[in-house]
Amino acid sequence: MKLKADAWFFFCRNDRPLLPRAAHPELKRLEPMIRDWIKTTGFKARPGEVTSFPSWASFPSRFIMLGGMGDENACPSDTVIRTAGAAGRAMRRLKIASIAVSTGAEPPFPSVSAPRLVEWFATGLADGHYRFEKFLSAEDKAKANRPLQLYFADAGKASRELDQAAREVSALADTLSLVRDLANLPANEAPPGVIAKHAAAWARRFGLSCSVLGRRELERKGCRALLAVAQGSQHDAKLITLKYRGRNPGLAPLVLVGKTITFDAGGLSLKTAKGMEWMKYDKCGGMAVLAATLAAARLGVRHPVIGILAAAENMPGGKALRPGDILRSYSGKTIEVLNTDAEGRLVLADALAIAAEHKPAAIVDLATLTGACIVALGHVLAGVMGNDPRLVDELKQAGEDSGDRLWPLPLLPEYDECIRSDFADMKNVGDGSAGTIIGGAFLKRFVPDGIPWAHLDIAGTAHHEKDRSHAAAGATLFGARLLVEWMRKKDRSGRPPKA
């Protein structure tokens, strides 16, 4: 066999390896060994479960790796990505850099095309192999961090198509890794100004334009909701806008908006000490938008894409926003602030109103907005709601196809009553019920009628608090792959939105 890789990966369902049809004696010798290994180790082949063992000298790889697929009812994208992620983490432990994957004569999900299977596998492999090492001492860092190499053991005539799919995923994975390093930085290393500098540098590198509005520009523009959140911090707010022209600049842009709170102490409505521990990840909506906008340029999507990051730090202090204060937002609508810890919707209020001025085909915002979303959906799914059922359906399908899965929540007019204020156009919190939906009802007020809009609450999916079998602790950039998938589906749809 000509293939040479450090490990050869085979999918498994229950106790059965899905091997390629080949008469080569090495593969005939391998199958009983795999079955014996599964029986001896008790390998259950659950999604995200991987096991490996050394091969022999004449075999074309040093290790055999088996990855679980669960049962036939499992979500294909999530299953393959999680299992490939576990394979990536195993490769780091084994200190190997190349892997061959066998799509098998019997694929793990017969309805899934081989290129799509490869996309998912390459995505998960990169996710699993990623590790944030900036602050580790030299002896704790990996001795070698060579780029991963992915081969296809039984691609045959489809090898060119599979290679193309892997190359596209590689460009996306490289972008995600770049931005994930920024997303994992603590608040003392990544205040709004640092986020802006990174965004501007990457925009120049990948051919986008970038503008940054600081405190004075935001004051002149009237972005008082965004500015109010930053009042208690020594770091000024920033509104960062990246623009990609698209292969067809005449199309109406797709505008992505991200909550980018670099640290959230809650303001004067102070969080508990425990509640602050992971608040460096309150910027992850903006980080996903940054990654998706850069990736759109690198992959050359057809539609113009605009990414807007509303960046601020929410701290207590003598100048901090107070409960009971009333703000006039950029849109002119007034907001009674009853809880300064509901700050994400304040920065998004100004950002969404500005997004609407670009005359977009659609606006999608991402935010770690509510703890209520974690109560409702845990750490498996993100919530989605919006004013356009078709857009919500498109995003949900893109989530299924990318592994960033969503669950729709209702955004009925009845919920608007929950944010009615006696003193302003609206208040920033409700009575504590339906917290995630109330956040969406608030944001909806800042999107003009006629513009399709959707809100993704990624509070439960934006980061892992500890290592998992398929991914390291830290930022996930949940939503970035989903947005790229959605944009590329629009490229393929043949029904581009008109400017």
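Small disclaimer: the values here were computed from a predicted structure and weren't measured.

Analysis parameters
Residues numbered from 1 in each chain as written. Predicted model: local features only at pLDDT ≥ 70, side-chain atom pairs only at ≥ 80, totals over all residues. Heavy atoms only, no water. Helix = DSSP H or I, 4+ residues; strand = E, 2+ residues; numbered from the N terminus. Buried < 20%, exposed > 50% of the residue type's maximum accessible area, 1.4 Å probe, protein only. Areas by Shrake-Rupley, 256 points an atom, 1.4 Å probe, with all protein chains shown as cover. Lys, Arg positive; Asp, Glu negative; His and termini not counted. Charge placed at Lys NZ, Arg CZ, Asp CG, Glu CD. Axes fitted to C-alpha atoms, helices over the stretch in contact; angles between N-to-C directions. Parallel < 35°, antiparallel > 145°, perpendicular 65-115°, else oblique. Contact = heavy atoms within 4.5 Å. Nonpolar A, V, L, I, M, F, W, Y, C, P; charged D, E, K, R; others polar. Pairing = 2+ DSSP bridges. Phe/Tyr/Trp six-rings, centres within 6.5 Å; stacked < 30°, edge-to-face > 60°. Expected span 1.5 Å × (residues − 1). Salt bridge = Lys/Arg side-chain N within 4 Å of Asp/Glu carboxyl O. Core = buried A, V, L, I, M, F, W, Y, C linked by side-chain atoms within 4.5 Å.

**What to know about the overall build of the protein chain**
- Counting its secondary structure elements, the protein chain contains 14 helices and 19 strands.
- Along the three orthogonal principal directions, the C-alpha set of the protein chain runs to about 80 × 50 × 45 Å.
- Here the protein chain, with 499 residues, has 57% of them falling under the buried criterion.
- In the form shown here, the protein chain has an accessible surface area of approximately 21000 Å², with 50% of it arising from carbon and sulfur atoms.
- Taking the average location of the 68 positive side-chain charges in the protein chain and that of its 54 negative ones, the two points are 6 Å from each other.

**A few points about the packing of helix H5 (residues 192-206) against helix H9 (residues 284-299)**
- With their axes 10 Å apart at the nearest point, H5 and H9 run at an angle of 10° to one another. Between H5 and H9, the interaxial angle falls into the category roughly parallel. From H5, Ile195, Ala199, Trp202, Ala203 and Phe206 reach across to H9, where they touch Met287, Leu290, Leu294, Ala297 and Arg298.
- Across the contact of H5 with H9, the residue classes break down as nine nonpolar, no polar and one charged.

**Looking at the pairing of strand S5 (residues 98-102)**
- By the criterion of burial, S5 is predominantly enclosed, with five of the five residues buried.
- Judged by which residues are buried, S5 turns out to be covered on both faces: Ser98, Ala100 and Ser102 on one side and Ile99 and Val101 on the other are all buried.
- Inspection of the sheet shows strand S1 (residues 5-13) paired to S5 by four bridges, in the parallel sense. Residue pairing for S5: Trp8 is matched across the bridge by Ala100.
- Sheet topology note: the S5/strand S6 (residues 149-152) ladder contains four bridges and is parallel. Bridge pairing links Ser98 to Gln149 in S6.

**Overview of the sheet that holds strand S8 (residues 238-244)**
- Pairing in this open sheet of eight strands is mixed, and the strands run S7-S8-S10-S9-S13-S17-S14-S15 from one edge to the other. On the outer flanks of this sheet lie strand S7 (209-213) and strand S15 (406-408), each paired with one strand and no other. Across the sheet, the mean angle from the axis of one strand to that of its neighbour is 20°, orientation sign disregarded.
- Contacts from helix H14 (residues 480-493) reach strand S9 (254-264), strand S10 (305-314), strand S13 (362-367), S15 and strand S17 (453-457) within the one sheet, and its direction differs from that of S9 by about 175°.

**Describing the side chain of Thr293**
- Its location among the elements puts Thr293 in helix H9.
- Using a relative accessible area of 0% as the deciding quantity, one classes Thr293 as buried.
- When near neighbours in sequence (up to four residues on either side) are disregarded, Thr293 contacts Leu208, Leu242, Leu256, Val305 and Gly307.

**Quick word on the side chain of Thr461**
- Mapping Thr461 onto the fold places it in the loop between S17 and strand S18 (463-464).
- In this structure, Thr461 is in contact with His379, Val380, Leu381, Ala382, Thr476 and Phe478, ignoring residues within four places of it in sequence.

**What to know about the packing of aromatic side chains**
- The tally for this structure, following the rule as stated, stands at ten aromatic pairs.
- Their ring planes at 85° and their centres at 6.1 Å tell us that Phe11 and Phe121 sit as a pair that is edge-to-face. Residue Phe11 is found in strand S1, and its partner Phe121 is found in helix H3 (residues 114-129); the two are separated by 110 residues along the sequence.
- Its relative accessible area of 1% is what places Phe11 among the buried residues.

**Brief notes about helix H10 (residues 344-356)**
- An ideal rise of 1.5 Å per residue puts 18 Å on 13 residues; H10 measures up with 18 Å between its terminal C-alpha atoms.
- Counting buried residues in H10 gives 13 out of 13 residues, a clear majority hidden from the surface.

**Topic: the pattern of salt bridges**
- A complete count under the given rule lists 32 salt bridges for this structure.
- Among the salt bridges present, the one from Arg116 reaches Glu119, with a minimum N-O distance of 3.1 Å. Within this pair, Arg116 and its partner Glu119 are both found in helix H3, separated by three residues, close to a single helical turn.
- A salt bridge links Lys274 to Glu277; its shortest N-O distance comes to 3.5 Å.
- A single salt-bridge network, built from bridges that share partners, covers Arg116, Glu119, Asp401, Glu485, Lys489 and Arg492.

**Section: the sheet that holds strand S11 (residues 326-328)**
- The mixed open sheet is built from three strands, whose spatial order is S11-S12-S16. Only two strands of the sheet have a single partner each, and these edge strands are S11 and strand S16 (426-427).
- By the bridge criterion, two bridges tie strand S12 (residues 334-336) to S16 in an arrangement that is parallel. When the sheet's bridge partners are listed, Ile335 is paired in S16 with Met426.

**Structural notes on the environment of Gly474**
- In this fold, Gly474 is placed in strand S19 (residues 474-475).
- A residue is classified by how much of its surface remains accessible, and Gly474, at 2% relative accessible area, is buried.
- Along the primary structure Gly474 and Tyr281 are separated by 193 residues, whereas in three dimensions their C-alpha atoms are 8.3 Å apart.
- Residue contacts for Gly474: discarding those within four places in its chain leaves Asn184, Tyr281, Ala462, His463 and His464.

**Topic: the nonpolar core**
- Ranked by internal contacts, the top residues of the largest apolar core, which has 60 residues, are Leu290, Trp486 and Met487.
- Per-element tally for this core: the top contributor is H9, with eleven residues.
- If near-sequence neighbours (up to four positions away) are discounted, Leu290 is found in contact with Val179, Leu182, Ala199, Trp202, Leu242 and Leu309.
- Of all hydrophobic cores here, the second largest spans 48 residues; its members include Val229, Leu411, Leu443 and Trp453.

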